[in-house]
Amino acid sequence: MAHAVAGQQSFGETMRRDAWWVQPCFVFLGLSAFVVYSTWAAFQGAHYFSGPYLSPFYSPEIFGSSPHSLLGPKPGWWPGWLPFSPALLILWAPGGFRFTCYYYRGAYYKSFWADPPSCAVGEPRKTFRGENSFPLIMQNIHRYFMYVALVFILILASDVWKALWFTDAVTGQKSFGVGVGTLVLTINVVLLGGYTFGCHSLRHLVGGFLDQPSKAALCHKTYNCVSCFNRRHMLWAWMSLFWVGFTDLYVRLCSMGVWTDWRII
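Here is a short report on the structure shown in this document.

Reading the values: rules and limits
- Residues numbered from 1 in each chain as written.
- Predicted model: local features only at pLDDT ≥ 70, side-chain atom pairs only at ≥ 80, totals over all residues.
- Heavy atoms only, no water.
- Helix = DSSP H or I, 4+ residues; strand = E, 2+ residues; numbered from the N terminus.
- Patch = residues over 30% accessible without salt bridge, like charges linked within 9 Å, V, L, I, M, F, W, Y side chains within 5 Å.
- Areas by Shrake-Rupley, 256 points an atom, 1.4 Å probe, with all protein chains shown as cover.
- Salt bridge = Lys/Arg side-chain N within 4 Å of Asp/Glu carboxyl O.
- Buried < 20%, exposed > 50% of the residue type's maximum accessible area, 1.4 Å probe, protein only.
- Contact = heavy atoms within 4.5 Å.
- Core = buried A, V, L, I, M, F, W, Y, C linked by side-chain atoms within 4.5 Å.

1. A few points about unusual backbone geometry
Thinking step 1. Across the junction of Ser 59 and Pro 60, the peptide omega takes the value 0°, indicating a cis bond.
Thinking step 2. Mapped onto the fold, Pro 60 is located in the loop between strand E2 (53-54) and helix H3 (92-99).
Thinking step 3. You will see that Ala 114, though not glycine, has its phi angle at about 55°, which is positive.
Thinking step 4. On the secondary structure map, Ala 114 appears in the loop between helix H4 (102-113) and helix H5 (142-162).

Printed below as a string of structure tokens:
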């Protein structure tokens, strides 16, 4: 019924008396701030590592100038007109996972496209084509981005392990230790894991692709396990979004000498 009423209204018209516009405005500001910062950080190509710490925007570093690089420095085939940054080789994966996420779709459809701006509020268009036609049918690739996102959790967890080993500036020997940066990277993996493991597509996968997972005992248990994260999917989404940006900022400022990474152990 809400859709029928909204379809007869002009843009922004509503009988609601609450501040319905607050949430879409905050979502617009939050997502815009992250997109601007992450784009800027990705194109920097510098100050993305500090000691054993590697920014999640640059992990895995396939080509690059840091000790974390897997295949060496900038490749010769890189286009001369395009600024080189290791982040440009890998950010398409986590970016695509978030952009096609079921929660984020609803969030930015409302905040950026006003489709609709909120429940029972008039929208600027009178027709609804859904996600069964181009270009929004491309959102269905979310299930494939999910597989890649799971691999990235393992990669970032590996970065946490590397962040436990510090190189002595005099002897060059590595020793076990825990710095503030180690904790920052650890929290990042926990929050990203909570967001990824609550993915709707993952729940469908571990549920055995069944319409009724309860018919298979193991699938039912794994489905319920993922559902525990899924119930707070929005919270995990925003906490992980903020923290992954903060993690890059922390590593960046440590690399620049603005912040000092305090050793706990």
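2. Comments concerning a nonpolar patch on the surface
Thinking step 1. On the surface, Phe 134, Ile 137, Met 138, Ile 141, Tyr 144, Tyr 147 and Phe 209 cluster together to form a nonpolar patch covering roughly 750 Å² of accessible area.
Thinking step 2. Structurally, Met 138 can be placed in the loop between H4 and H5.
Thinking step 3. Judged by relative accessible area, Met 138 falls into the partly exposed class, the value being 44%.

3. Here we look at the environment of Ala 217
Thinking step 1. If you trace the backbone, Ala 217 turns up in helix H8 (residues 217-230).
Thinking step 2. Residue Ala 217 is classed as exposed on the basis of its relative accessible area, which comes to 58%.
Thinking step 3. Each C-alpha atom of the pair Ala 217 and Gly 51 lies 47 Å from the other, and the pair is 166 residues apart in sequence.

4. A look at the side chain of Thr 247
Thinking step 1. Among the structural elements, Thr 247 can be located in helix H9 (residues 233-256).
Thinking step 2. Residue Thr 247 is classed as buried on the basis of its relative accessible area of 0%.
Thinking step 3. With residues near it in sequence (within four places) discarded, Thr 247 still touches Pro 56, Val 184, Leu 185 and Asn 188.

5. Focus: the nonpolar core
Thinking step 1. Core analysis: the biggest nonpolar cluster contains 43 residues, and Leu 31, Phe 57, Tyr 58, Phe 97, Tyr 103, Tyr 104 and Tyr 195 have the highest contact counts within it.
Thinking step 2. For this core, the elements supplying multiple residues, two or more each, are helix H2 (22-44), E2, H4, H5, helix H6 (180-196) and H9.
Thinking step 3. No other element matches H9, which puts eight residues into this core.
Thinking step 4. With residues near it in sequence (within four places) discarded, Leu 31 still touches Tyr 104, Tyr 108, Phe 112, Trp 238 and Leu 241.

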